[in-house]
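These are the residues of each chain, in order.
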Amino acid sequence: MVAYIIRRAFAAVVLLLIVSAVTFGIFFLVPRLAGETTQQLASQYVGRDPSPQAVQSIIHNLGFDKPVYQQYWEFIHGIVAGRTFNDGPTPTHCAVPCFGYSFKSHLPVWPDLTQRIPVTLSLALGAAVIWLVSGVAIGVLSALKRGSIFDRLSMGVALAGVSLPIFFTGLLSMDLFSFQWPIFSNLHYVNFTDNPLMWAKNLVLPWVTLAFLYSALYARLTRAGMLETMSEDYIRTARAKGLPERKVVTRHGLRSALTPIITIFGMDFGLLLGGAVLTETVFSLPGVGQYAVQAITDNDLPKVMAVTTLAAFFIVVANLLVDLLYAVVDPRVRLS
Amino acid sequence: MRRTKAAALVAVATAAGLTLSACSSSGGSGGSGSSTYNAANTSVVNASSHTGGTASYQLSSTPDSMDPGNTYYAFMWDFSRLYARPLVTFNPAPGNAGLQLKPDLATGLGTPSDGGKTWTYHIRSGLKFSDGTPITTKDVKYAIERSNYAHDVLSNGPTYFAQYLVDNSSPYQGPYKDKNGGLNSIQTPNDTTIVFHLKQSFADFDYLVSNPETAPVPQAKDNGADYVKNIVSSGPYEFQSYQDGKGATLVKNPNWSQASDPVRKQYADKITLAFNQQQTTIDQNLMADNVTMDLGGAGMAADSQATALANPQKKTHIDDVQSGALAYVALSSQVAPLNNVHCRQAVQYAIDKTSVQTATGGDVHGDIASTILPPTVTGHTDFNLYPTSGNKGDDSSDGLAAAKQQLKLCGKPSGFSTNIAARSDRPNEIAMATAIQASLKKVGINVQIQQYPSGKYFADDAGAPAFVHSHNLGMMMMAWAADWPTGYGFLEQILDGNAIKASGNSNLSELNDPAINKMLNDAIGNTNDAQRNQAWGAIDKAAMQQAVIVPLLYRKDVMYRPDSATNVFVNPAYGMYDYLTVGSTK
């Protein structure tokens, strides 16, 4: 088990390095290959109407005058060993993990980004609980009552949930419940530690909107999995043994049907932690997703690198946890 | 023009009356005054001396910086005055009175000497920063040095001081690199006097010192880019918290006194700022009276405007605000055949400006323009050198005939072909270019629309003359607003031949007329206000005779003020609500 985790952790580090190298290349190497000069690159970060001297200073300060491989090396070195910058009256040390300073604001990237993780985590956790519980429950019931009105109705709603984009359902829910009937008026994120009640109240609409999309998908997946599992021979055997139907469904049917659900949940949850871009944008939540949008809009490379690495990290970790969970859920799986 | 002036006088008188009545009332009564369509353009709406509550601002993006020495956004120049006092500032009043400068940190406007090359200011005594330390002119000098000479760290703001002040014998490197001395051309003989020595006579210098870069910064507290996290206030509010990209909270500054500040009020107990909010959500929050102000001051989203304007009750909360910007087409003086003035004049006559206005959404988004200087800029003079019936250009017989006549004089009686540049991510600009294309086609001028991303429009495309010539860009869409609302502030960068640059060029027409260059230079050196302001109108007319700019629209933005916002009025100097005196009844 320990060897397995170490092996996976090593693979994760390699993967993160590849992700960072590709992202760095897209933002630094590709423009150069397309003929962009260092002056043109730097002029994006030096305000309006810059003097040639100011552009030259920025080129030097941001390290654009160095070869790309050296810039990448300094970036990676900063993550594991920190870096020192001359961005003010005195040199400042950027502590590990140092993702550098924003090209736009000249402020350190990592503390800014980590401040946003609780927002995204709050959104993802609450939504995940709702969609897992509702999605799996509806899927199981639909499978058990196949062809019933409940099945048809719930699958119809699920189809709508999968089909409708968040920028539609989000804006609609906000218009209805924030402005037409102001049950959740003046939405804004409140820290859990400041006021747990307000934290929850302000997140109900984003949770439900996000969960609507996912629970629809999970309901359909669970239903399909349950239908397939419940027709297996071992289910018939379990029933023939005289096991109560509740045990047949929960211990034998659901447990098997949950395996693919766990896989996809790991992926989905990991992706969300890397930023629920649409939901955060629609509800103006200051999370990782909103940060990513801002970073890309500003072409702010250190921010893009940090958020990409963080998102990749969450996905890798989520996948690792899923693989570990397999061993618990599915008795056929053994980690070695 | 007379009608405009008369209206402005009435507006100023009304505003003054409302302001006085507001100031004389006591206690914490709620807002008074009428809320009607466009009321805040000419008067103070909800005039009130109500104190307390929270004024909440939302913004659809993020500020370039809240550091007063590192920002170039108009709304930040407006808002930053709540915590950063420049030497002088714009009069907090609606109408043309808002274009006047008033002493702020200083005791009076600048005293010019040496023919306008030296400017002296005295600041009020007894002023304190929010940390209790005294404010001196050395803090003002330091603020200018860090904002103008350390552009590699504080890169967002303008560098006019570096452009106009005399440099040291060896170029000054800014306070972060040159720790032993400062800029010799700013002298502080004592704690309340500051003297500026300029390279040339510059009559608009009071406008330069109105920008937030002259707000004092204590050197001991400056930590470069990080200063934005711990700004030391000189205004009525100080920072309680700041989170980059998220927002900020400001509370009353106990070391600010009303007696020391003739232009500000400290009505709200607290001010909150939330960034990166959806524009439609901001609009809905304004209409639901959940927030006090849209900080960006660029108007409502298109669908929100339609909703609000269609609702008679909501319409009374709307102001259609002159933004101070001009939408225009620059005609290249270097790209054939538009290098011939008659070809340019043919374009002037042929463009159907009514269709251009319709393409942008109608008259709420802009009035049809005939001059380069918008009406909200000091020195504006009304004239129209290329009149056509109903501004319809080739859709009117007089416009069609005049355009064809100019085409004959230009040697292209059957028309010509050229390209027009527009920014691909600005739908309004594309719509205007399309309307122009359609109207020019009627006189035989065939225009191809070439789209470029706005991020590199000036650096690499329309603002790079070599690119303009090689890509045959005879026409270029452009929008322009002044950094300060005078003729020089508006015209110099877009008409002066000396301002032409290989990249980042704003003089898109590449007009380099020695007569106009001289007129600009002479006017800015003239310290007689009346003569100088008259000169701007003359320069505007001279440039229009050259026909290098086709003024399309004086841009307007649709803004919403909720019931809870008090003392709301539009200051034309910023082209948005003036934030200095805004309070909240919530």
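Bear in mind the structure is a predicted one, so any value in this text is a computation, not a measurement. Along each chain, numbering runs from 1 in the same order as the chain's sequence is written. All chains are assigned letters beginning at A, and all ligands numbers beginning at 1, according to the order in which they are written. With the structure being a predicted model, the display of local features is reserved for residues of pLDDT at least 70 and the display and counting of side-chain atom pairs for 80 or more, all residues being used for whole-chain, interface and lining totals.

J.: Sorry, what's going on with the overall build of chain B here?
T.: A run of H or I in DSSP becomes a helix once it reaches four residues, and a run of E becomes a strand once it reaches two; helices and strands are each numbered from the N terminus. The helix and strand inventory of chain B stands at 17 helices and 21 strands. As defined in this context, the radius of gyration uses C-alpha atoms, and a globule is described by 2.2 Å times the residue total to the power 0.38. In terms of overall size, chain B behaves like a compact globule, its C-alpha atoms giving a radius of gyration of 24 Å where 586 residues would be expected to give roughly 25 Å. Residues are called buried when their C-beta atom has 20 or more other C-beta atoms within 10 Å, exposed when it has 12 or fewer, and partly exposed otherwise; all C-beta atoms are positioned from the backbone. With 586 residues in all, chain B has 56% of them scored as buried. Contact between two residues is assigned when their C-beta atoms, built from the backbone, lie within 7 Å. A separation threshold of at least 6 residues defines the contact pool for chain B, and within that pool the share at least 24 residues apart is 72%.

J.: Explain the overall build of chain A to me, please; I cannot follow it from the model alone.
T.: Looking only at helices and strands, chain A has 14 helices and two strands in total. Considered along the principal axes of its C-alpha atoms, chain A spans approximately 85 × 55 × 40 Å. Expressed as a percentage of its 336 residues, the buried residues of chain A come to 39%. Taking the intrachain contacts of chain A between residues at least 6 apart in sequence as the baseline, contacts between residues at least 24 apart amount to 65%.

J.: Looking at this structure, how should I read the packing of helix α15 (residues 487-495) of chain B against helix α17 (residues 529-546) of chain B?
T.: When two helices pack together, you describe them by how their axes are tilted relative to each other and by the distance separating the axes. Residue and element names in this part refer to chain B. The axes used here are C-alpha line fits, helices contributing only the stretch in contact, and every angle between their N-to-C directions lies in the interval 0 to 180 degrees. Two numbers describe how α15 lies on α17: the axes approach to 10 Å, and their chain directions differ by 30°. By the angle class used here, α15 and α17 are roughly parallel. In this structure, α15 meets α17 at a crossing whose hand is left-handed. Residues Gly-487, Leu-491 and Leu-495 of α15 form the contact with α17, whose own contacting residues are Asn-533, Trp-536, Ile-539 and Ala-543. Residue composition of the contact of α15 with α17, by class: five nonpolar, two polar and no charged. The labels follow the angle: roughly parallel below 35 degrees, roughly antiparallel above 145, roughly perpendicular from 65 to 115, and oblique for the rest. Crossing handedness: left-handed means the near helix sits turned counterclockwise from the far one by under a right angle, and right-handed means the same turn made clockwise. Residues are sorted three ways: Asp, Glu, Lys and Arg are charged, Ala, Val, Leu, Ile, Met, Phe, Trp, Tyr, Cys and Pro are nonpolar, and all the rest, Gly among them, are polar.

J.: How do you make sense of the UniProt feature "transmembrane region" (unreviewed entry) in chain A when you look at a structure like this?
T.: All names here are of chain A. UniProt positions are given in the numbering used here, feature names are shortened, and annotations may be inferred rather than shown by experiment. Per the UniProt record, "transmembrane region" (unreviewed entry) is found at residues 9-30, 117-144, 156-183, 203-221, 257-278 and 304-329. Its end C-alpha atoms 27 Å apart, residues 156-183 is made of 82% helix and 0% strand. Taken as a whole, residues 257-278 contains 86% helix and 0% strand, while its terminal C-alpha atoms sit 30 Å from one another.

J.: Would you mind going over the UniProt feature "domain: Solute-binding protein family" (unreviewed entry) in chain B with me for this structure?
T.: Per the UniProt record, the feature "domain: Solute-binding protein family" (unreviewed entry) sits at residues 101-499 of chain B. Counted over residues 101-499 of chain B, helix gives 26% and strand 20%. Its end C-alpha atoms are 27 Å apart.

J.: Which parts of the structure should I look at to understand the nonpolar core?
T.: As a rule of thumb, soluble globular proteins bury nonpolar side chains together. A set of buried residues drawn from Ala, Val, Leu, Ile, Met, Phe, Trp, Tyr and Cys, joined through C-beta atoms within 7 Å, is what defines a nonpolar core. Counting residues in hydrophobic clusters, the biggest one holds 169 residues, and the most contacted among them are Val-329, Ile-436, Met-476 and Tyr-577 of chain B. Among the elements that line this core, the one with the most residues is strand β12 (residues 318-331) of chain B, at nine residues. Reported domain spans reflect what an automatic or database domain assignment gives. When residues of this core are sorted by domain, at least three fall in each of domain 1 (32-276 + 558-584) and domain 2 (326-557) of chain B. With residues up to four places along the chain from it excluded, the contact list for Met-476 of chain B reads Val-329, Ala-330, Ile-420, Ala-421, Ala-462 and Leu-508 of chain B. Among the nonpolar cores identified, the runner-up in size contains 75 residues, and Leu-41, Phe-283, Ala-295 and Ala-311 of chain A belong to it.

J.: Just to check I follow, could you spell out the environment of Leu-172 of chain A for this structure?
T.: On the secondary structure map, Leu-172 of chain A appears in helix α8 (residues 166-180). Sequence separation of Leu-172 of chain A and His-77 of chain A is 95 residues, and the distance between their C-alpha atoms is 46 Å.

J.: Please clarify how the sheet that holds strand β1 (residues 54-58) of chain B should be interpreted in this entry.
T.: Each strand in a sheet pairs with its neighbour through backbone hydrogen bonds, running either in the same direction (parallel) or in the opposite one (antiparallel). All names here are of chain B. A pair of strands is labelled paired if DSSP reports no fewer than 2 bridges between them. One open sheet accounts for five strands, arranged β8-β9-β10-β1-β11; its pairing is mixed. Unpaired on one side and paired on the other, β8 (237-243) and β11 (293-294) mark the two borders of the sheet. Where β1 meets β11, two bridges bridge the pair, whose relative direction is parallel. Counted as the bridge partner of Tyr-57 is Met-293 from β11.

J.: Would you take a moment to explain the pairing of strand β14 (residues 417-423) of chain B for this structure?
T.: Here is the key point about a regular strand: its side chains alternate between the two faces of the sheet. All names here are of chain B. The buried fraction of β14 amounts to five of the seven residues, a majority that puts the element mostly inside the structure. As judged from the seven bridges shared by β14 and strand β15 (residues 446-452), these two strands associate in the parallel manner. Residue Ser-417 lies in a different strand from β15, and its bridge partner there is Asn-446. Seen with its strands pointing away from the viewer, a crossover is right-handed if its path from the first strand over the helix to the second goes clockwise. Where the polypeptide runs from β14 across helix α13 (residues 427-441) and back to β15, its parallel neighbour, the crossover connection is right-handed.

J.: For this particular structure, what's the right way to read the environment of Leu-243 of chain A?
T.: When you line up the elements, Leu-243 of chain A lands in the loop between α10 (233-240) and α11 (245-273). In this structure, Leu-243 of chain A is in contact with Ala-238 and Val-248 of chain A, ignoring residues within four places of it in sequence.

J.: How should I be thinking about the sheet that holds strand β13 (residues 366-368) of chain B in this particular structure?
T.: Residue and element names in this part refer to chain B. Taking strand neighbours across the sheet as the criterion, the six strands line up as β13-β17-β12-β16-β14-β15 in an open arrangement whose pairing is mixed. Two strands in the sheet have a free side with no partner beyond their single neighbour: β13 and β15. In this sheet, neighbouring strand axes are inclined to one another by 30° on average, regardless of whether the strands run parallel or antiparallel. Each of β12, β14, β15, β16 (475-481) and β17 (549-560) is contacted by α13, which is oriented at about 165° to β15, the strand it contacts most.

J.: So what exactly am I meant to see when it comes to the interface of chain B and chain A here?
T.: Many descriptions give the size of an interface as the accessible area lost when the pieces come together. On the chain A side, the residues contacting the 33 residues of chain B number 33 residues. Per element, the largest residue contribution to the side of chain B that touches chain A is three residues, and it comes from helix α7 (residues 279-287) of chain B. Across the side of chain B that touches chain A, the residue classes tally to eight nonpolar, 19 polar and six charged.

J.: I keep staring at the domain arrangement of chain B and nothing clicks. Help me out?
T.: Residue and element names in this part refer to chain B. What the domain assignment reports for chain B is domain 1 (32-276 + 558-584) and domain 2 (326-557). When each unit is reduced to the centre of its C-alpha atoms, the spacing between domain 1 and domain 2 is 33 Å. With 16 residues of domain 1 at the interface, the matching set in domain 2 holds 15 residues.

J.: Just to check I follow, could you spell out the confidence of the model for chain A for this structure?
T.: The predicted coordinates ought not to be read in detail in places where the model reports low pLDDT. Looking at chain A, pLDDT values average 89 and 97% of them are 70 or higher. One number per residue, pLDDT, summarises how confident the predictor is, and it ranges from 0 to 100. Taking the mean pLDDT of every element in chain A, the minimum, 82, falls on helix α2 (residues 38-43) of chain A and the maximum, 95, on helix α6 (residues 117-144) of chain A.

J.: In this structure, what is going on with the environment of Leu-141 of chain A? I would like to understand it.
T.: Residue and element names in this part refer to chain A. Mapped onto the elements of the fold, Leu-141 is located in helix α6. Judged by C-beta crowding, with 18 C-beta atoms within 10 Å, Leu-141 ranks as partly exposed. Sequence separation between Leu-141 and Arg-223 is 82 residues, and the spatial gap between their C-alpha atoms is 7.9 Å.

J.: How should the packing of helix α13 (residues 288-297) of chain A against helix α14 (residues 301-329) of chain A be read in this particular structure?
T.: Residue and element names in this part refer to chain A. It is the contact of α13 with α14, at a shortest axis distance of 9 Å, that shows an interaxial angle of 145°. The handedness of the crossing between α13 and α14 comes out as left-handed. Together, Val-288, Tyr-291, Ala-292, Ala-295 and Ile-296 of α13 and Lys-303, Val-304, Val-307 and Leu-310 of α14 make up the contact between the two elements.

J.: I'm lost on helix α16 (residues 514-524) of chain B in this one. Help?
T.: Each full turn of the α-helix corresponds to 3.6 residues, which orients residues three or four apart in the same direction. Residue and element names in this part refer to chain B. For α16, every residue scored as buried is listed here: Ile-516, Met-519, Leu-520, Ala-523 and Ile-524. Down the axis of α16, the buried side of the element spans an arc of 115°, and every buried residue falls inside it. Opposite the buried face of α16, at more than 90 degrees from it, the exposed residues are Pro-514, Ala-515 and Lys-518. This arc is taken over the directions from the axis of the helix to the C-beta atoms.

J.: How should I be thinking about unusual backbone geometry in this particular structure?
T.: With an omega dihedral of -5°, the bond running from Val-96 of chain A to Pro-97 of chain A counts as a cis peptide bond. Across the junction of Ala-336 of chain B and Pro-337 of chain B, the peptide omega takes the value 0°, indicating a cis bond. Note on placement: Pro-337 of chain B falls in the loop between β12 and α10 (341-350). The phi torsion at Ser-284 of chain A lies on the positive side, around 55°, for a residue other than glycine. With respect to the element layout, Ser-284 of chain A can be found in the loop between α12 (277-282) and α13. Of note in the backbone geometry, Asp-289 of chain B takes a positive phi value of approximately 60° without being a glycine.

J.: How do you make sense of the domain arrangement of chain A when you look at a structure like this?
T.: Along its sequence, chain A is carved into domain 1 (2-104) and domain 2 (117-286). Domain 1 of chain A and domain 2 of chain A are separated by 39 Å when their C-alpha centres are compared.

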